[in-house]
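Reading the structure
Chain by chain, the residues:
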Amino acid sequence: MKHSRNNRGIIVTLNGTSLKKGFALSFIGFMLVFLLSGALTSLKPEYRITSKSINELTNNITGDSFIHLLGFENRYFVQDLPKEAKPPSFSSLFFKAATSINPEDPRSLLGRELPGFTLFDSEIVVAGEGTDYTTMPIESPPPTEVLLEEREASIADLKGADDQPDQSKTPPIATTGERKVVYIYHTHTTESYLPMLKDVKNANSAYHSEANVTLVGDRLGKSLEDQGIGTNVDKTNFMKKLNEKGWSFTKAYSMSRPTVETAMAGNKELEYVIDIHRDSQRYKVTTADINGKKYAKVAFVIGGKNPLHDKNKQLASELHNRIEAKYPGLSRGVFLKDSPGSNSLYNQDLTQNAMLIEFGGIDNNLDELNRTADAVADIFSEYYWQAEKANADSAAEKK
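Residues numbered from 1 in each chain as written. Predicted model: local features only at pLDDT ≥ 70, side-chain atom pairs only at ≥ 80, totals over all residues. Heavy atoms only, no water.

Per an unreviewed UniProt entry, the chain carries the name Stage II sporulation protein P and comes from Metabacillus hrfriensis.

Following this line, the structure appears as structure tokens:
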């Protein structure tokens, strides 16, 4: 028999066999911990248990569900929950956490199995009328031969029935004067609309060097100027530059970025940056009927990889709500894109006041697009002048 002192100073008696067994078990346990730690740290980053992976895991738990979980330990946590708030189904909760599959969202299962399904891998931040996961904006790159091929435009449609200036408009009450505070550009410059193209029916062929989204940018810029907001419309053909450099379509934002940076550096008065695009959804999804007139719907897209996305999202949500209040059904909503196959930055990290707006889809005509551009200018001008007044009032209070 041998005596040994434990960590509290108490004498315990161990025989030689027990001591050896205890030492062996301790050694084995130590080695297991050592080997497990080494295995975890040697895993590929995507398989490691990190704060990011834990955050993704907890994304499946809603605020109410989390409070209900805390309520098991302390009932005070649940006393302020609404009476209609029911305890969550913990079997469903644990299933989501363990598998990352949400039974209410088929994309969580099919997105891993079906090629190309990541096109729909976006988050609906604010849903417009009729918006769901089947009607979200789609970025559909054109075949290479389409980018290189020139098409004949239907010149008659490029004018548009509503293209004539409205003589009844009164001069704006306020103006930015010589200051250009809005910058409009078009990363996917040649995105076009089928009604503008002669004898073109294939959706994948809706691209043109002149009859394209720059016409929408022109109309939006003119309408903003009519509202007293100085605007610079840049119609640089980034798709042409891509072809000249031999770059792929996915490099479009890398191509447009230096141009935007130069514009911002050369104009300290610049406050808002708008990138105009055309969606690949069809007419039923991208068209609204407001007071008997057809409009091309808009959609706001936010890049999830962008560190300023919360600010961009706040601006887009505010404009969406204002559009819906005055032109119900015109906005499809605000969408956050952060899928592996997309850019998910969209140059929006350059300023918190950056916007990517999808104007209509491949089936919308110029009249519908012009009406929408005027409506967006109307809403944006209201927002802009209210913000300017608030800033002026705030500055006066500080003096």
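**Here's the deal with the pairing of strand β4 (residues 182-185)**
Look at any regular strand and the pattern is simple: side chains alternate between the two faces of the sheet. Here β4 shows no split at all, with Val182 and Ile184 on one side and Tyr183 and Tyr185 on the other all buried. Inspection of the sheet shows β4 paired to strand β5 (residues 231-233) by three bridges, in the parallel sense. Following the sheet pairing, Val182 is matched in β5 by Thr231. When β4 meets strand β6 (residues 272-277), the two strands line up parallel, connected through four bridges. For Tyr185, the partnering residue across the bridge sits in β6 and is Asp275. (Buried < 20%, exposed > 50% of the residue type's maximum accessible area, 1.4 Å probe, protein only. Helix = DSSP H or I, 4+ residues; strand = E, 2+ residues; numbered from the N terminus. Pairing = 2+ DSSP bridges.)

**A look at the nonpolar core**
Counting 42 residues, the largest nonpolar core has Val182, Leu220, Phe300, Met355, Phe359 and Phe380 as the members making the most contacts within it. Counting residues per element, this core draws most heavily on helix α13 (residues 366-398), which supplies ten residues. Counting twelve residues, the second-largest nonpolar core is a separate cluster that includes Tyr183, Ala252, Ala263 and Leu270. (Core = buried A, V, L, I, M, F, W, Y, C linked by side-chain atoms within 4.5 Å.)

**Re the pattern of salt bridges**
Evaluated as defined, the whole model comprises 15 salt bridges. For Asp310, the salt bridge is made with Lys313, and the minimal N-O distance between the two is 3.6 Å. Of the two residues, Asp310 and Lys313 are both situated in helix α12 (residues 309-326); the distance of three residues between them amounts to about one turn of the helix. Note on Asp310: relative accessible area 48%, which makes it partly exposed. Three or more residues joined by partner-sharing salt bridges are found here, namely Arg179, Glu269 and Glu271. (Salt bridge = Lys/Arg side-chain N within 4 Å of Asp/Glu carboxyl O.)

**Details of the confidence of the model for the chain**
Averaged over every residue, the pLDDT of the chain is 76; residues scoring 70 or more account for 57%. Every residue in residues 44-57 is under pLDDT 50, and counting partners more than four places away or in other chains gives six contacts. When the criterion is pLDDT under 50, residues 112-118 qualifies, and its contacts beyond four places in sequence or with other chains add up to eight contacts. (pLDDT = per-residue confidence, 0-100. Contact = heavy atoms within 4.5 Å.)

**A closer look at unusual backbone geometry**
If a residue is not glycine, its phi is most likely negative; likewise, a peptide bond is most likely trans. Unusually for a residue other than glycine, Tyr346 sits at a positive phi of about 55°. As for its position among the elements, Tyr346 is in the loop between β10 (331-337) and β11 (354-359). The backbone of Asn347 shows a phi angle near 65°, a positive value even though the residue is not glycine. Of note, Asn347 is situated in the loop between β10 and β11.

**Section: the side chain of Ser381**
Residue placement: Ser381 occurs in helix α13. Within the structure, Ser381 has its side chain in polar contact with the backbone oxygen of Asp378 (distance 2.8 Å). Excluding residues that lie within four positions of it along the chain, Ser381 makes contacts with Gln227 and Ile229. (Polar contact = N/O pair within 3.5 Å; in protein donor to acceptor, adjacent residues only side chain to side chain.)

**A short note on helix α10 (residues 252-266)**
In a regular helix each residue adds 1.5 Å, so 15 residues correspond to 21 Å; α10 covers 22 Å between its end C-alpha atoms and thus fits that length. Within α10, burial applies to Ala252, Tyr253, Met255, Ser256, Thr259, Val260 and Ala263. Tucked into the core, α10 has its buried residues touching β4, α9 (238-245), β6 and β11. (Expected span 1.5 Å × (residues − 1).)

**Digging into α9**
Taken together, the buried positions of α9 are Phe238, Met239 and Leu242. All buried residues of α9 project into a common sector of 105° when viewed along the axis, lining one side. Exposed and facing more than 90 degrees away from the buried side of α9 are Lys240 and Glu244. Two or three places before Met239, at the start of α9, stands the capping residue Asn237, its side-chain oxygen 3.2 Å from that residue's backbone nitrogen. (Arc of directions from axis to C-beta.)

**Quick look at the packing of α9 against α10**
The packing of two helices is summarised by the inter-axis angle and the distance between the axes. Put simply, α9 and α10 touch, their axes get as near as 9 Å, and they point 115° apart. In this view, α9 runs roughly perpendicular relative to α10, as classed from their interaxial angle. Between α9 and α10 lies a crossing of right-handed hand. Between α9 and α10, the residues in contact are Phe238, Met239, Lys241, Leu242 and Lys245 and Ala252, Met255, Ser256 and Thr259, respectively. Tallied by class, residues from the contact of α9 with α10 come to five nonpolar, two polar and two charged. (Axes fitted to C-alpha atoms, helices over the stretch in contact; angles between N-to-C directions. Parallel < 35°, antiparallel > 145°, perpendicular 65-115°, else oblique. Left-handed = near helix turned anticlockwise from the far one by under 90°. Nonpolar A, V, L, I, M, F, W, Y, C, P; charged D, E, K, R; others polar.)

**Points about the packing of aromatic side chains**
Counted according to the given criterion, the structure contains nine aromatic pairs. Taking the centre distance of 5.1 Å and the plane angle of 55° together, the rings of Tyr253 and Tyr346 count as tilted. Of this pair, Tyr253 sits in helix α10 while Tyr346 sits in the loop between β10 and β11, and the two are 93 residues apart along the sequence. What makes Tyr253 buried here is its relative accessible area of 3%. (Phe/Tyr/Trp six-rings, centres within 6.5 Å; stacked < 30°, edge-to-face > 60°.)

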